[in-house]
Amino acid sequence: MSKQVKISGRQFMVLTTLFTIGSAILIIPSGMAFLAKQDAWIAAFVGVGSGFFLVWIYNTIATLYPGMTLVEIIEALLGKWLGKTISLLFIVTLFLSGPASALYDVGNFLTTQIMPETPAQSVNILFAVIIVMGARLGIETFARSAELLFPLFILLYISLVILIAPEIKLENVEPVLEAGIGPIWPAALSFISVLFLPHIVLLMIFPAVNRIDNARKAFFNGSMFGGLMMVLIVALSILVLGPDLTAKSIFPSYSLAQKINIGNFLQRIEAIMAIMWFISLYFRATIYIYAIVLAIAQVFKLEDYRPLVSPLGMILVVMSVVIYPNVPYQQTWDGTVWLSYTLSIGLLLPLLLLCIHVIRKLWSKKRTEFKG
């Protein structure tokens, strides 16, 4: 990463918040309600608590190797050839489970909820074009864009919460812990797998922050802010729609917006609320693509990542169409294979890197004592 590329801690916090929310705002309440029923909001809180641990791991790795991206850290710890091999596996896994999935969610959402007569391929192509534009312009440009759009995102989010509040029914969360704490854990794991485990991708842009102490604080604050916003969305889905309807709905938060009705006058504004989801989905997908092309450039020692963006964008459009043949396949994938993917790259990989760092430090200390 060029040393001239710098963003502020505030911009990194905004990017982290939007990346955390991403496509989760559309899909996560459904899966959690299916697993934990009316206790899904408790599982969401447990997930945020676990997110503290994951963000601490990522911050620790970034602090131990300041100025280095994740790919550079992997190569420094594992050596040239093994490090490049692991990095390539990381890139492939990231591409399949990240931007392709996010772009599929965009097309599926628009063509099933808002524009049913529009082919999903055309929607995916249009959205991919602006993703490619953002990645080509670089992190400084799309970080400024995120900073400009973030107030609109927050305004729409607050409006959704306030306008839907009259529809809340407290009996929807009763009885609390009816099935015990057993269902809480798989629901919390589902929450973590979508919101926090993919945060390892942000280590690719961590060195771009102008000061490392700002980066650490922004990483933590953005993750927790996005996580708590999602806890509220899960809670509102349960309180307004009820656990059964939330579990059966493909996009519960969109169904939530459809329930807004103030005096039989202010209603049917879910299309306006959809702007909020497009913003978070766009920045999540753009960060994924930027991190992937930067990682490829660093693995193969390329001077510039930009020539890689357009070809990857074309592959992305194709993958977004074929990655999930249908919704049941997507739900099966998300409930089984997705967890393995995210746990391997989001938890096992950073723990492995930390263990190797500790072993190398101890070995170096022993050698120094022996020579002394």
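Please read these numbers as outputs of a predicted model, since none were measured by experiment.

(A) The arrangement of the overall build of the protein chain in detail. Regarding its fold elements, the protein chain presents 16 helices and 2 strands. Against the compact-globule benchmark of 21 Å for 372 residues, the protein chain has a radius of gyration of 21 Å, which places it among compact chains. Put simply, the protein chain has 372 residues, and 54% of those count as buried. Total accessible area computed for the protein chain in this model is approximately 16300 Å², and 68% of it derives from carbon and sulfur atoms. Separation between the mean location of the 24 positive side-chain charges and that of the 18 negative ones in the protein chain comes to 14 Å.

(B) Seen up close, empty space enclosed by the protein. For the structure on display, the rule yields 1 cavity of 30 Å³ or more. As a volume, the largest cavity reaches approximately 50 Å³. For the largest cavity, the full set of lining residues is Leu94, Ser97, Leu197, Pro198, Val201, Tyr288, Trp338, Thr342 and Ile345. For the lining of the largest cavity, the secondary-structure elements that each account for two or more residues are helix 5 (80-97) and helix 16 (337-371).

(C) Main features of unusual backbone geometry. Pro175 follows Glu174 through a cis peptide bond whose omega is -10°. Among the structural elements, Pro175 can be located in the loop between helix 8 (139-164) and helix 9 (184-195). Unlike most non-glycine residues, Lys37 shows phi in positive territory, near 55°. With respect to the helices, strands and loops of the structure, Lys37 is situated in the loop between helix 2 (24-36) and helix 3 (40-64). By relative accessible area, which is 38% here, Lys37 ends up partly exposed. One non-glycine residue, Lys301, lies in the positive phi region at around 55°. By the secondary structure assignment, Lys301 is in the loop between helix 13 (270-299) and helix 14 (309-322).

(D) Highlighting a nonpolar patch on the surface. A grouping of Leu149, Leu152, Leu155, Ile272 and Ile275 is seen on the molecular surface, where their side chains present a nonpolar patch of about 410 Å² in accessible area. Of all the secondary structure elements, the ones that give two or more residues to the nonpolar patch are helix 8 and helix 13. At 3 residues, helix 8 tops the list of elements feeding residues into the nonpolar patch. Assignment of secondary structure puts Ile275 in helix 13. Take Ile275: its relative accessible area is 37%, and that puts it in the partly exposed class.

(E) Broad picture of the layout of surface pockets. The space that makes up the largest pocket amounts to roughly 710 Å³. Lining of the largest pocket is provided by 32 residues; of these, Ile27, Gly31, Gln331, Asp334 and Gly335 occupy positions nearest its centre. Elements represented by at least two residues in the lining of the largest pocket include exactly helix 2, helix 6 (99-114), helix 9, helix 13, helix 15 (327-335) and helix 16. The dominant element in the lining of the largest pocket, judged by the number of residues it contributes, is helix 2, at 7 residues. Of the residues contributing to the lining of the largest pocket, the split by class is 16 nonpolar, 13 polar and 3 charged.

(F) Layout of the nonpolar core. Residues Phe191 and Trp277 are the most contacted members of the largest nonpolar core, which totals 137 residues. By residue number, the principal contributor to this core is helix 13, which donates 21 residues. In this structure, Phe191 is in contact with Ile28, Met32, Ala44, Gly47, Val48, Phe196, Gly227, Met230 and Val231, ignoring residues within four places of it in sequence.

(G) Looking closely at the confidence of the model for the protein chain. Scored by pLDDT, the protein chain comes out at a mean of 86, with 96% of its residues at no less than 70. Here strand 2 (residues 266-267) stands out as the least confident element of the protein chain, with mean pLDDT 66; helix 1 (residues 9-21) is the most confident, with 92.

(H) The arrangement of the packing of aromatic side chains in detail. Summed over all chains, the structure comprises 21 aromatic pairs. Each ring, one from Tyr282 and one from Phe283, has its centre 5.0 Å from the other, and the planes form 75°; the classification is edge-to-face. Each of the two residues, Tyr282 as well as Phe283, counts as buried.

Thresholds, definitions, all that
- Residues numbered from 1 in each chain as written.
- Predicted model: local features only at pLDDT ≥ 70, side-chain atom pairs only at ≥ 80, totals over all residues.
- Heavy atoms only, no water.
- Helix = DSSP H or I, 4+ residues; strand = E, 2+ residues; numbered from the N terminus.
- Rg over C-alpha atoms; globule rule 2.2 N^0.38 Å.
- Buried < 20%, exposed > 50% of the residue type's maximum accessible area, 1.4 Å probe, protein only.
- Areas by Shrake-Rupley, 256 points an atom, 1.4 Å probe, with all protein chains shown as cover.
- Lys, Arg positive; Asp, Glu negative; His and termini not counted.
- Charge placed at Lys NZ, Arg CZ, Asp CG, Glu CD.
- 1 Å grid on protein atoms, 1.4 Å probe; cavity = no way out; pocket = protein on both sides within 12 Å on 5 of 7 lines; lining within 4 Å.
- Points joined across faces, edges and corners; volume = space filled by probe spheres on them.
- Patch = residues over 30% accessible without salt bridge, like charges linked within 9 Å, V, L, I, M, F, W, Y side chains within 5 Å.
- Salt bridge = Lys/Arg side-chain N within 4 Å of Asp/Glu carboxyl O.
- Nonpolar A, V, L, I, M, F, W, Y, C, P; charged D, E, K, R; others polar.
- Core = buried A, V, L, I, M, F, W, Y, C linked by side-chain atoms within 4.5 Å.
- Contact = heavy atoms within 4.5 Å.
- pLDDT = per-residue confidence, 0-100.
- Phe/Tyr/Trp six-rings, centres within 6.5 Å; stacked < 30°, edge-to-face > 60°.

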